[in-house]
Amino acid sequence: MGLFTQKPSPPPPRADAPRPAPPEASAVPAPPVRPSAGVPGKPPPPAKAGPPPAAVKAKPDKLVDERTTRMNELKSEIHRKLVDQLDLTKLSRDATEEVREQVRQIILALCEEADALLNYAERQRLAQEILDETFGLGPLETLLADPGISDILINGPHQVYVEKNGRLILSDVKFKDNAHLLHVIDKIVSPLGRRCDEVCPMVDARLKDGSRVNAIIPPLAIDGPSMSIRRFGADPITWDDYIRFKSTAPEIVEFLKACVHAGLNILIVGGTGSGKTTLLNNLSSFIPDDERIVTIEDAAELQLRQPHVVRLETRPANIEGKGRITIRDLLINALRMRPDRIVVGECRGGETLDMLQAMNTGHEGSMTTIHANSTRDAVQRVETMVMMSGFELPTKAIRQQFASAINLIVQAARLTGGPRKIVSVTEVQGMEGDVVTMQDLFKFEQDGVNANGRAFGRIVSTGVRPSFVDRLLASGAVLDPQWFVARDLVIDD
Ligand SMILES: Nc1ncnc2c1ncn2[C@@H]1O[C@H](COP(=O)(O)OP(=O)(O)OP(=O)(O)O)[C@@H](O)[C@H]1O
Ligand SMILES: [Mg+2]
């Protein structure tokens, strides 16, 4: 067949054989127990502690279990034979359709040989699962192929949740055991020169499509290897999507565009998974093409399309615990790179002080995100993070830095039932005594939760005219006076 190396016999050990799971990783969650059926007309018996007797298990389930076990055995057997025949280390996700097809035919022949009683659908399914295992990330492949899935959350081999359309649901995808899941984690991290094992049980990585991956394994993850994948789809969310999803109003998009153009410093705030990075990406898209942008991130997620962008990414410590490069290190370095704008993916610690200082010293139009649940909370979070910088600054001094550095705070939120929205756009006005003064310009007012459990409400203009309007006009922006007239902009019911 020429495309891959045929192995001599006797075959060497499997190149991709799953590593044995560490002893503490071998705990597999108990299979779900079906409740015993109640007698018609009678109330169900009170729940008793302990599993129901095995005899109450229905027969069809037993047949399904036996079939699943048989299919899993066959899969392992055929996979083993395939390893004996081919050098699988030469096959990767980038393999051409032609190569995949050749391997599929070999697998189908092996299926036939292993169990002549398999029907057509079973053979095709086995072949696909083995192909996914051989070329890709095994059971994850079906989830990765679904563009509607935004998060994949794996809690041990038998529990895989996905977020789809804003809702978290348990998928029917399962890994065989801990060793299988560890093997897939290894397949993701080892090409990046990273490892995930007892010595390094926590790792950040990325998939080829940019999806962000975090894996944490025993002994740190008590119930087995755990992996969280934030999809970074081929179709990132654009401003058109924001408007289509009623995540914001067209007027707000126009306003934000004028703010970015004029070089306002913008802070994005929101909780975990609220849409901060997506917002940062879209706001950054408004930066004019003739400016030099330096982006700094832990895992490069931003997708800026401007021609003049320098992308910097942090580096974790090596195996000896050395060589770590933090956001703060990169930020200090970026200041020497003559940037017009600095975009920092997320401020989590002492780098917040450096960011405020950069914004205060001529790098206008810079942007970052922080994890905070409200605009007010953001000030407090910044105070805490600045204290992590090692400089002992009085609270008032930090607030002054904040008030003079940040012009606008945009808050993202994931609301009840899943919709993500820009829930407030707030001007930072200055200080009054010890307090940072702010004024909402636009906000989402939730009116309730509908029958499907989704929050509904209105996106409104508060009627406040920001004090930086002159600055927007001076930068050439064309403003619509209607933006600053109190009214409903979008009704989302
Ligand atoms: N307005 C939106 N409408 C629908 N989906 C959205 C919207 N904004 C973001 N998302 C989706 O929500 C998920 C989380 O978005 P994002 O990564 O931007 O959040 P985040 O706040 O940066 O998360 P984290 O705290 O984990 O860094 C992504 O899958 C993204 O595509
Ligand atoms: Mg993010």
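Because the structure is predicted, anything quoted here is derived from the model rather than measured.

The rules we used
- Residues numbered from 1 in each chain as written.
- Chains lettered and ligands numbered in written order.
- Predicted model: local features only at pLDDT ≥ 70, side-chain atom pairs only at ≥ 80, totals over all residues.
- Helix = DSSP H or I, 4+ residues; strand = E, 2+ residues; numbered from the N terminus.
- Buried ≥ 20, exposed ≤ 12 C-beta atoms within 10 Å, placed from the backbone.
- Axes fitted to C-alpha atoms, helices over the stretch in contact; angles between N-to-C directions.
- Parallel < 35°, antiparallel > 145°, perpendicular 65-115°, else oblique.
- Left-handed = near helix turned anticlockwise from the far one by under 90°.
- Contact = placed C-beta atoms within 7 Å.
- Nonpolar A, V, L, I, M, F, W, Y, C, P; charged D, E, K, R; others polar.
- Pairing = 2+ DSSP bridges.
- Near = placed C-beta within 6 Å.
- pLDDT = per-residue confidence, 0-100.
- Core = buried A, V, L, I, M, F, W, Y, C linked by C-beta atoms within 7 Å.
- Arc of directions from axis to C-beta.
- Expected span 1.5 Å × (residues − 1).

(A) Here's a closer look at the overall build of the protein. When helices and strands are counted, the protein shows 13 helices and 16 strands. Within the protein, the fraction of its 493 residues that count as buried is 33%.

(B) Looking closely at the packing of helix α2 (residues 97-114) against helix α3 (residues 120-135). Close contact between α2 and α3 brings their axes to 9 Å; oriented N to C, the two are set at 130°. Between α2 and α3, the angle is such that the two are oblique. Relative to α3, α2 is oriented so that their crossing is right-handed. Where α2 abuts α3, its residues R100, V103, R104, I107, L108 and C111 lie against R123, L126, A127, I130, L131, T134 and F135. Of the residues that constitute the contact of α2 with α3, the class distribution is 9 nonpolar, 1 polar and 3 charged.

(C) Representation of unusual backbone geometry. Cis geometry is found at the peptide bond from P218 to P219, where omega equals 5°. Counting through the fold element by element, P219 comes out in the loop between β5 (212-216) and β6 (226-230). Although it is not a glycine, K246 adopts a positive phi angle of roughly 60°. Locating K246 in the fold gives a position in the loop between α6 (239-244) and α7 (250-261).

(D) The sheet that holds strand β12 (residues 408-414), seen in detail. Reading across the sheet, the 10 strands line up as β9-β8-β10-β11-β7-β12-β13-β14-β15-β16 and stay open at both edges, with mixed pairing between neighbours. Each edge of the open sheet is held by one strand with a lone partner, namely β9 (309-313) and β16 (487-492). The average angle at which neighbouring strand axes cross in this sheet is 25°, direction not considered. Of the strand pairs in this sheet, strand β7 (residues 266-270) and β12 are connected by 4 bridges, and their pairing is parallel. Across the sheet, residue V269 finds its bridge partner in β12, namely Q411. Seen against the sheet, helix α8 (residues 276-284) touches β7, β10 (341-344), β11 (367-371), β12 and β13 (420-432) and runs at an angle of roughly 170° to β11.

(E) Representation of the site of ligand 1 within the structure. Residues in contact with ligand 1 amount to 16 residues; listed here are only the nearest, S150, G275, K276, T277 and T278. Considering every element that reaches the shell around ligand 1, the biggest residue donor is α8, with 3 residues.

(F) Examining the sheet that holds strand β2 (residues 160-164) more closely. In space, the 6 strands of this open sheet follow the order β3-β2-β1-β6-β5-β4, with antiparallel pairing throughout. The sheet is open, and its two borders are formed by β3 (167-170) and β4 (202-206), each paired with just one other strand. Strand-to-strand twist in this sheet, taken as the mean axis angle between neighbours without regard to direction, amounts to 15°. Pairing analysis gives 5 bridges linking β5 to β6, with the strands arranged antiparallel. Its bridge partner being in β6, R212 is matched across the sheet by R230.

(G) Highlighting the environment of D186. Here D186 is to be found in helix α5 (residues 178-189). Along the primary structure D186 and C196 are separated by 10 residues, whereas in three dimensions their C-alpha atoms are 6.7 Å apart.

(H) The confidence of the model for the protein, seen in detail. On average, residues of the protein score 85 in pLDDT, and 86% of them are at 70 or above. Low pLDDT, under 50, characterises residues 1-58; the stretch is placed with 56 contacts to residues that sit more than four places away or in other chains.

(I) The nonpolar core, seen in detail. Of all hydrophobic cores here, the largest spans 64 residues; its most connected members are C259, I266, I268, I296 and F402. Among the elements that take part in this core, α7 stands out by supplying 6 residues, more than any other. When sequence neighbours within four positions are dropped, the list of residues in contact with I268 reads K276, L279, L280, M367, T369, V410 and A412. Of all hydrophobic cores here, the second largest spans 19 residues; its members include I154, F175, I188 and C196.

(J) View of helix α9 (residues 327-334). Within the sequence span of α9, burial applies to I327, R328, L330, L331 and A334. Each buried residue of α9 lies within a common arc of 160° when the element is viewed along its axis, so the set occupies one face. Buried residues along α9 sit against β8 (293-297), β9, β10 and α10 (351-360).

(K) Representation of the environment of H308. Following the sequence through the fold, H308 ends up in the loop between β8 and β9. Among the residues examined, H308 registers 15 C-beta atoms within 10 Å and is labelled partly exposed.

(L) The arrangement of the packing of α9 against α10 in detail. Interaxial distance between α9 and α10 falls to 9 Å at its minimum, and their mutual angle equals 20°. One element, α9, and the other, α10, form an angle in the roughly parallel class. Crossing of α9 against α10: the hand is left-handed. Contacts from I327, R328, L331 and I332 in α9 reach E351, D354, M355 and A358 in α10. Taken together, the residues that form the contact of α9 with α10 break down as 5 nonpolar, no polar and 3 charged.

(M) Summary view of α3. With 16 residues, α3 ought to run about 22 Å at 1.5 Å a step, and its terminal C-alpha atoms sit 22 Å apart, in line with that. Within α3, the full set of buried residues consists of L126, A127, E129, I130, E133 and T134. For α3, the angular spread of the buried residues around the axis is 165°, confining them to a single face. Away from its buried face by more than 90 degrees, α3 exposes Y120 and A121.

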